[in-house]
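# Observations on chain architecture
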Amino acid sequence: MLPRDLLRSEPDAVRRRLATRGFDTAEFDRWLETDEAWRALVHEDEELKRERNDASKRIGLLKREGKDADEAIAQVSRIKERLSELDARRDVLAAQVEAGALRMPNLAHPTVPEGPDESANREERRVGEPPQFDFEPEAHWDLGPRLGILDFERAAKLAGARFAVAFGLGARMERALAQLMLDLHTEEHGYLEVHPPFLAHAEALVGTGQLPKFADDLFRVEPSGHLLIPTAEVPLTNLHRDEIVHTEDLPLRYTAHTPCFRAEAGSYGRDVRGLIRQHQFHKVELVQLVEPERSDEALEELTHHAERVLQRLELPYRVLTLSTGDMGFAARKTYDLEVWLPGQQAYREISSCSNCGDFQARRAHIRHRPAGGGKTHYVHTLNGSGLAVGRTLIAVLENYQRADGSVEIPGALRPYLGGLDAIPAPAG
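So, how was this worked out
- Residues numbered from 1 in each chain as written.
- Predicted model: local features only at pLDDT ≥ 70, side-chain atom pairs only at ≥ 80, totals over all residues.
- Heavy atoms only, no water.
- Core = buried A, V, L, I, M, F, W, Y, C linked by side-chain atoms within 4.5 Å.
- Buried < 20%, exposed > 50% of the residue type's maximum accessible area, 1.4 Å probe, protein only.
- Helix = DSSP H or I, 4+ residues; strand = E, 2+ residues; numbered from the N terminus.
- Pairing = 2+ DSSP bridges.
- Lys, Arg positive; Asp, Glu negative; His and termini not counted.
- Salt bridge = Lys/Arg side-chain N within 4 Å of Asp/Glu carboxyl O.
- Contact = heavy atoms within 4.5 Å.
- 1 Å grid on protein atoms, 1.4 Å probe; cavity = no way out; pocket = protein on both sides within 12 Å on 5 of 7 lines; lining within 4 Å.
- Points joined across faces, edges and corners; volume = space filled by probe spheres on them.
- Nonpolar A, V, L, I, M, F, W, Y, C, P; charged D, E, K, R; others polar.
- Disulfide = S-S within 2.5 Å.

### Some points on the nonpolar core
Burial of nonpolar side chains together is a common tendency in soluble globular proteins. Formed by 52 residues in total, the largest nonpolar core has its most connected members in M173, L310, L315, L387, L397, L413 and I423. The dominant element in this core, judged by the number of residues it contributes, is helix α7 (residues 169–187), at 9 residues. Residues M1, L86, L102 and M104 belong to the second largest nonpolar core, which totals 25 residues.

This is how it looks when you write it as structure tokens:
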């Protein structure tokens, strides 16, 4: 959530910056009008209460002096009636102001390129060279079923489109990849592993920014009304909702391996084949809560942590800074890691690492108190995939496939698979 004093004091600058995020500036102007009307009612309410108190004191004084207090009593009655009217109207406007504020995206960091969509993204670096094959490399949606480790047709029988079943070494590979990621992030990068609930209350998703904007992309569980988490960012960030943490305890770093559930309501016709865009997938998430002055540095650090997984697996990738029009709703700045997929002859996203500033902390009421006491401030929150497990499996399969139909297993992964060095080609 954006600071209301900023929205009120710098409307022209905010309006321009919101426009770069694709936000309807007319909605912002309506919010300003509603906020002004609400504040006027608050001011009138305060003035009327002062008048009521003065009139009540006058009634007491008149009665003690034996004088007629009827006019003062009538004045108090009129004020009470008006206050009752104000309360109802003020509550309606307050709810509208809150709802409007929750719909506004975060404002971009000054270093973020401006642009309407992914065409304005800025490539920062490439790491590793795409492999050269002396045969036509297969895409994972052909390679996995041929090896007998992925099955999309049987998954469709169970749950419909955009699901997959992993068998044998496919299932073991996903488990091994997640274990590799967790070991790296906990043992070398200083994250605390968490096993959170996979269901959350709506308040938690408001806190991280999925609600109210992305309600159609969430799966709801009835009759409880719980929501299946779209990412472990939701429970990890909300661990400290409505809390004041001590500055000396920062940074807080959490990692979790969880399933993620997304309706993909706005992606009709996109990535319909394979594992790229599934309704259910697994991801290892990284979340940090830091002091505001450290968040820019922390984003570079967190991105490096995600990159280390790709480097350990020796997968070629590139890093992009997303434009204002391509960033996620809650992000202030985002780096996307895109891994090379030979079967598609393209770089595809495997991680998004974002600095959200105090945007989520304001929504979730997460503050920190400086050492020795003093005024509290909102923390800054960061999150990133470290990595998406299914997409990492795709990258391994496509980059390590061999001419004989087998798939080499990266060296970093072999200890998690009992020393196995390859997925064998099917007999015959």
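### Here's the deal with the sheet that holds strand β8 (residues 243–246)
Pairing within the open sheet is mixed, and its 3 strands lie in the order β8-β14-β15. Edge strands, defined here as strands with exactly one partner in the open sheet, are β8 and β15 (377–378). One ladder, built from 4 bridges, connects β8 with strand β14 (residues 366–369); its direction is parallel. Directly across from E243, in β14, lies its bridge partner I366.

### A word on the side chain of K333
Its location among the elements puts K333 in strand β12 (residues 333–341). Buried and unpaired, K333 has E300 as its nearest opposite-charge partner, separated by 4.5 Å. Apart from the residues lying within four places of it in its own chain, the contact partners of K333 are H109, T111, V112, L299, E300, T321, M327, C353, S354 and N355.

### Side note on the layout of surface pockets
The volume enclosed by the second largest pocket comes to roughly 240 Å³. For the second largest pocket, the lining is made up of 13 residues, of which R21, P105, K213, F214 and F329 are closest to its centre. Among the residues making up the lining of the second largest pocket, the classes are represented as 5 nonpolar, 3 polar and 5 charged.

### Comments concerning the state of the cysteines
Per the stated rule, a full pass over the model turns up 0 disulfides. C353 provides the cysteine sulfur closest to C356, a residue in no disulfide bond, and the two sulfurs are 11 Å apart. Given a relative accessible area of 2%, C356 falls into the buried group.

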